[in-house]
Amino acid sequence: MLQTSCPVLSLTAVAENVFLLVLDAPEIAPLVRPGQFLNVRIDETSDPLLRRPFSVYRTEGNRLELLFNVVGRGTHALAEKRKGDRLDVLGPLGVPFTLDDPGFTTAVLVAGGLGVAPMPITTRELLLKGKAVRTFLGARNKGSLVTTHLVQVEIATDDGSEGLRGTVVDLLERAFASGVPARPKIFACGPHPMLKAVAAFAVRFDIPCEVSMEGPMGCGIGICQGCPVELTNPAKKYALMCKDGPTFDARTIRW
Amino acid sequence: MHAQSGGNLIRTSFRLGPVEFKNRVLVASGTFGYGDECVSAVDVNRLGGIVTKSLSLKPREGNPPPRIVETTGGMLNSIGLANIGVHRFVSEKLPFLRTVDTAVIANIAASTIEEYCAVLEILEGEEGIDAYEINVSCPNVREGGLNFGTSCPMTAEITKQLRGRTRRPLIIKLTPNVTHISEFARAVEDAGADAVSVMNTLIGMALDVRTRKPVLSTVTGGLSGPAVKPVALAKVYETARAVKIPVIGIGGITNGRDAIEFLLAGALAIQVGTANFVDPAAGIKVADEMKAYCAEQGIADMGSLVGALDARTGVSVLDSWL
Ligand SMILES: Cc1cc2nc3c(=O)[nH]c(=O)nc-3n(C[C@H](O)[C@H](O)[C@H](O)COP(=O)(O)OP(=O)(O)OC[C@H]3O[C@@H](n4cnc5c(N)ncnc54)[C@H](O)[C@@H]3O)c2cc1C
Ligand SMILES: Cc1cc2nc3c(=O)[nH]c(=O)nc-3n(C[C@H](O)[C@H](O)[C@H](O)COP(=O)(O)O)c2cc1C
Ligand code: FES
């Protein structure tokens, strides 16, 4: 974990309410593993007070890229940043996805909404490892989709403006009905109800599944105990999302 | 310890009984883990001291989520004293803490007086602990969950029982959720405490207007962060005027100016809490800024600032009109 002040290289709107933030982070960028996140201090004032966690979208040399949705005060202020502004960043944080698991040959990436954020860095690493990759994206509508740096993409939208009308789990059901990929493993990121449905889907098809969870965080580095995730393990009731996650084996989570 | 700053030698250290603290900034319980989590980002040796997460006899899982919510200029928490328990602390965390060059204060929480004593007695057998801080903001299971810290006799009794079991400095951490914190400070002073920490979190609450539900799983939680600083400062002022034992100021401190305010109001030293979540190096930055203030003001001994506020005489917290 490092703490550095990173200059903003660019901030661009890439879809409806979705922004791509590129930072110059020579210390952090090379260390990031797919599925890890950063805890970003939006500004030096005490409002908003706490840092905001974001998955790493991509890295390219010293460049660190984040993809974010404007949902509240913090992300609103983040969307106002200009080239040259500096952001205090803690990272890389958390446990990455387990990609070098020899037990699978096809990675099935499943993302809902901004859950797409960790998928490009994950895709690149998977392809380097010689894995096959299939990507299932769910979004509200066509305008909010971000499909760059992904491969073999299938889409579902709530309003049917692109791809299947329905949820990403409906899409998954359909795809698997016409043939289960060879030795698959699911990597999913998105809102809690979607992850819950994907976890149930994985159990039904008996497919290994890792999920990347999100929720409120105080510190992002394991010192506040503010981010419990309930486990099925009777001996250990909670894990910390920031330190033991955000990626978890879906079967270990009490949904 | 003397620190070179701006060409002046500034004395930043202080003593509490036998313990020498290199500077007046400690990190507050529950906001710095067990001291080993931040080592890759923070040089903990530059802190005056580390106060551990509250330790209970058995490990505690803590409360269900959500445990935290940000509020204007602060946050509410209901962690539920999730901790690894005193035994694992001794075997897994203390070996590291013995290697650091800063004071280590073990914070103790419990749900009965016997449990407070049991935890302290286990720690008494261990080297590497410089002092105890007692978190009395805990529900007393014998009294239907009534907080120990809101009962003056209970707070005094815990102090008395623990005093009889240790010669290490004993610091009682008071809760602000009482009418007159100074009465509690006097009671623990009489019961043999070496110092008081002021303050723990203020009870607060947040609602989600869409769902009409409380945001925290426990409905209410503890408010901390910059939002509580004026309250904490007034509590420190009230306490410092009421007792002779030292007061350690806590509440919303994020920079050197905040810390100096607490010293002026009567605190011997301060603790940085929530600010560690925003910046794990906050404690070190506060210490540096305090030193810079002294250099700028030509102050040779930081201790000369303690209680040195220029207040109108005769007006106290207890009797002033609001
Ligand atoms: C590990 C992790 C990775 C994340 N990655 C991304 C990402 O790549 N891109 C992205 O856009 N967002 C991501 N998020 C969510 C992002 O952190 C929140 O959207 C952000 O903190 C909201 O801040 P705000 O000040 O704008 O909203 P607030 O004003 O704080 O809240 C607005 C709304 O967002 C909800 N919210 C607040 N904090 C969080 C949170 N940490 N997680 C989920 N919901 C929250 C609140 O309940 C509220 O409904 C991630 C969260 C986690 C925990
Ligand atoms: C997440 C969190 C956990 C805390 N845990 C403890 C604890 O275990 N024991 C304790 O005595 N105080 C605990 N506190 C209280 C702090 O030590 C401190 O008294 C309080 O937060 C006020 O200081 P601040 O405004 O600088 O944070 C906790 C505070 C927070 C925010
Ligand atoms: S956010 Fe603080 S422990 Fe996870």
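Up top you'll find the structure we're talking about.
Reading the values: the criteria
- Each chain has its residues counted from 1, following the order in which its sequence is written.
- Labels follow written order: the first chain is A, the first ligand is 1, and so on.
- Confidence filtering applies because this is a predicted model: local features only for residues at pLDDT of at least 70, side-chain atom pairs given and counted only at 80 or more, and all residues used for totals across whole chains, interfaces and linings.
- In computing side-chain properties, one takes all heavy atoms of the structure into account and sets aside hydrogens as well as water.
- For helices, the axis comes from a line fit to the C-alpha atoms of the stretch in contact; other axes are also lines fit to C-alpha atoms, and the angle between any two N-to-C directions lies between 0 and 180 degrees.
- For helices the rule is a DSSP run of H or I covering at least 4 residues; for strands it is a run of E covering at least 2, with both sets numbered from the N terminus onward.
- Working rule for angles: under 35 degrees goes down as roughly parallel, over 145 as roughly antiparallel, 65 to 115 as roughly perpendicular, anything else as oblique.
- Crossings are classed by handedness, with left-handed meaning an anticlockwise turn of the near helix from the far one by less than a right angle and right-handed meaning a clockwise turn.
- Here, two residues are considered to be in contact whenever any of their heavy atoms come within 4.5 Å of each other.
- Ten residue types, Ala, Val, Leu, Ile, Met, Phe, Trp, Tyr, Cys and Pro, are classed as nonpolar, four, Asp, Glu, Lys and Arg, as charged, and the remainder, Gly among them, as polar.
- Put simply, a residue is near a molecule or strand once any heavy atom of it comes within 4 Å of that molecule or strand.
- Within 3.5 Å is the distance limit for a polar contact, defined as a pair of N or O atoms, with the added protein rule that one can donate a hydrogen and the other accept it, and that residues adjacent in sequence qualify only through two side-chain atoms.
- For accessible areas, the Shrake-Rupley method is used with a probe of radius 1.4 Å. Any residue's cover is judged against the shown protein chains and nothing else.
- Put simply, buried area is the surface a 1.4 Å probe can reach on two separate parts but cannot reach once they are joined, added for both.
- Here, a salt bridge means any side-chain nitrogen of Lys or Arg that lies within 4 Å of a carboxyl oxygen of Asp or Glu.
- Each residue is assigned a bend, namely the angle between axes fitted to the seven residues that terminate at it and the seven residues that start at it.
- Accessibility here uses a 1.4 Å probe with only protein chains present; expressed as a share of the type maximum, an area under 20% marks a residue as buried, one over 50% as exposed, and anything in between as partly exposed.
- One bridge is not enough; two strands pair if DSSP finds at least two bridges between them.
- Here, the term disulfide refers to a pair of cysteine sulfur atoms separated by no more than 2.5 Å.
- Residues enter a nonpolar core if they are buried and are Ala, Val, Leu, Ile, Met, Phe, Trp, Tyr or Cys, with the set joined through side-chain atoms within 4.5 Å.
- Patches here are clusters of residues that have more than 30% relative accessible area and form no salt bridge, with a 9 Å joining cutoff for like charges and a 5 Å cutoff for nonpolar side chains (Val, Leu, Ile, Met, Phe, Trp, Tyr).
- Handedness is read with the strands pointing away from the viewer; a crossover is right-handed when the path from the first strand over the helix to the second is clockwise.
- Helix span, as expected, comes to 1.5 Å for every residue beyond the first.
- When the centres of two rings from Phe, Tyr and Trp lie within 6.5 Å, Trp using its six-membered ring, the rings pair. Their planes under 30 degrees apart give stacked, over 60 give edge-to-face, and anything left gives tilted.
- Sitting over a ring, as applied to charges here, requires NZ of Lys or CZ of Arg to be within 6 Å of the ring centre and within 35 degrees of the ring normal.
- Think of it this way: Lys and Arg go in the positive column, Asp and Glu in the negative one, and His and the chain ends go nowhere.

Caption draft 1: Seen up close, the packing of helix H6 (residues 256-265) of chain B against helix H8 (residues 282-297) of chain B. Residues and elements named next belong to chain B. At a minimum axis separation of 8 Å, H6 and H8 run at an interaxial angle of 70°. Relative to H8, H6 is oriented roughly perpendicular. H8 is crossed by H6, and the crossing has right-handed handedness. For the pair H6 and H8, contact is made by Gly 256, Ala 259, Ile 260 and Leu 263 and by Val 286, Glu 289, Met 290 and Tyr 293, respectively. The residue makeup of the contact of H6 with H8, split by class, is 6 nonpolar, 1 polar and 1 charged.

Caption draft 2: Quick look at the site of ligand 2. Taken together, 24 residues are adjacent to ligand 2, and Ser29(B), Ser54(B), Lys173(B), Gly252(B) and Thr274(B) come closest. Flanking ligand 2 are residues from chains A and B. Between Lys53(B) and ligand 2, the recorded distance is 2.9 Å, taken from a side-chain N or O atom to an oxygen atom. Take Ser54(B): an N or O atom from its side chain is 2.7 Å from a nitrogen atom of ligand 2. Here ligand 2, which alone exposes 600 Å², has 98% of that area covered by the protein. For the shell around ligand 2, the class distribution of residues is 8 nonpolar, 14 polar and 2 charged.

Caption draft 3: Seen up close, the site of ligand 1. Residues and elements named next belong to chain A. If you check the shell around ligand 1, you find 21 residues, and the closest are Arg 52, Pro 53, Leu 67, Gly 74 and Thr 75. With respect to ligand 1, the backbone of Ser 55 contributes an N or O atom lying 3.0 Å from a nitrogen atom. Summarising the interface, the protein chains cover 74% of the accessible area of ligand 1, which totals 850 Å² for the free molecule. Taken together, the elements giving at least two residues each to the shell around ligand 1 come down to strand S4 (52-55), strand S6 (63-69) and helix H1 (73-78). A per-element tally of the shell around ligand 1 places S4 first, with 4 residues. Class assignment of the residues belonging to the shell around ligand 1 gives a composition of 12 nonpolar, 6 polar and 3 charged.

Caption draft 4: How the structure looks around the interface of chain B and chain A. The partner chain A presents 26 residues to the 30 residues of chain B that form the contact. Approximately 2400 Å² of surface area, both sides summed, lies buried where chain B meets chain A, with 60% of it carried by carbon and sulfur atoms. When the buried area of chain B at its contact with chain A is split by residue, Glu70(B), Phe277(B) and Val278(B) rank highest and sum to 28% of it. Here chain B and chain A share 2 salt bridges between them. Of the charged contacts in the structure, one is a salt bridge between Glu70(B) and Arg52(A), with a shortest N-O distance of 3.0 Å. Taken together, chain B and chain A are joined by 7 residue pairs in polar contact (both at pLDDT 80 or more). At the level of secondary structure, the elements contributing two or more residues to the side of chain B that touches chain A comprise strand S7 (68-71), strand S8 (74-77) and helix H7 (275-278) of chain B. Tallying contributions element by element places H7(B) first for the side of chain B that touches chain A, with 3 residues.

Caption draft 5: Looking closely at helix H1 (residues 85-97) of chain B. All names here are of chain B. A maximum bend of about 40° is found in H1 at Ser 91, where proline Pro 95 lies one to four positions downstream. Where H1 is concerned, the buried positions are Gly 85, Val 86, Phe 89, Val 90, Lys 93, Leu 94 and Leu 97. Those residues of H1 that are buried lie in contact with strand S6 (49-51), strand S9 (103-108) and helix H2 (113-124).

Caption draft 6: Looking closely at the sheet that holds strand S5 (residues 58-60) of chain A. Residue and element names in this part refer to chain A. Strand order in this open sheet of 7 strands is S4-S3-S7-S1-S2-S6-S5, and the pairing throughout is antiparallel. What marks the edges here is a single partner per strand, and that holds for S4 and S5. Strand after strand, the sheet turns through a mean of 35° between neighbouring axes, direction not considered.

Caption draft 7: Region of interest: the state of the cysteines. Residues and elements named next belong to chain B. The tally for this structure, following the rule as stated, stands at 0 disulfides over all chains. Residue Cys 152 stays outside any disulfide, its sulfur separated by 17 Å from that of Cys 138, the closest cysteine. Residue Cys 152 is classed as partly exposed on the basis of its relative accessible area of 22%.

Caption draft 8: Region of interest: the nonpolar core. In this structure, Ile186(A), Phe89(B), Tyr116(B), Leu123(B), Ile134(B) and Ile270(B) are the most contacted members of the largest nonpolar core, which totals 130 residues. No other element matches the 7 residues that H8(B) contributes to this core. With residues near it in sequence (within four places) discarded, Tyr116(B) still touches Ile108(B), Ala109(B), Ala110(B), Ile134(B), Asn135(B), Val136(B), Cys138(B), Phe148(B), Ile158(B) and Leu162(B).

Caption draft 9: A look at a nonpolar patch on the surface. All names here are of chain B. Side chains of Met 205, Leu 207 and Val 219 sit close together on the surface and give an oily, nonpolar patch of about 280 Å² of accessible area. Along the polypeptide, Val 219 turns up in the loop between strand S17 (213-214) and strand S18 (220-224). Assessed through its relative accessible area of 36%, Val 219 is described here as partly exposed.

Caption draft 10: The arrangement of the pairing of strand S14 (residues 195-198) of chain B in detail. All names here are of chain B. Neither face of S14 is exposed, since Ala 195 and Ser 197 on one face and Val 196 and Val 198 on the opposite face are all buried. Examined bridge by bridge, strand S13 (residues 170-174) and S14 share 4 bridges and lie parallel to one another. Counterpart to Ile 172 in the pairing with S14 is Val 196. Viewed along the sheet, the connection from S13 through helix H4 (residues 181-190) into S14 turns out right-handed. Pairing between S14 and strand S19 (residues 247-250): 3 bridges, direction parallel. Within S19, the position partnered with Val 198 by the bridge is Gly 249.

Caption draft 11: Geometry of helix H5 (residues 229-242) of chain B. Residue and element names in this part refer to chain B. The terminal C-alpha atoms of H5 lie 20 Å apart, and with 14 residues this matches the ideal 20 Å at 1.5 Å per residue to within 8%. Taken residue by residue, H5 has Lys 229, Ala 232, Leu 233, Lys 235, Val 236, Tyr 237, Glu 238, Thr 239 and Ala 242 as its buried positions. Buried residues along H5 sit against H4, S14, S19 and H6.

Caption draft 12: Focus on the packing of aromatic side chains. Here the structure, examined in full by the defined rule, presents 10 aromatic pairs over all chains. Linked through ring pairs, Phe19(A), Phe54(A) and Phe68(A) together constitute an aromatic cluster. When the ring centre of Phe104(A) is taken as origin, the NZ or CZ atom of Lys131(A), which lies over that ring, is 4.0 Å away. The aromatic ring of Tyr238(A) is capped on one face by Arg67(B), whose charged end is 5.0 Å from the ring centroid.

Caption draft 13: Broad picture of the side chain of Lys131(A). Residues and elements named next belong to chain A. On the secondary structure map, Lys 131 appears in the loop between helix H2 (119-128) and strand S9 (132-139). One buried charged side chain, Lys 131, makes no salt bridge at all; its nearest oppositely charged neighbour is Asp 101, positioned 6.1 Å away. The contacts of Lys 131, once residues within four sequence positions are left out, are Leu 99, Asp 101, Pro 102, Phe 104, Thr 105 and Leu 126.

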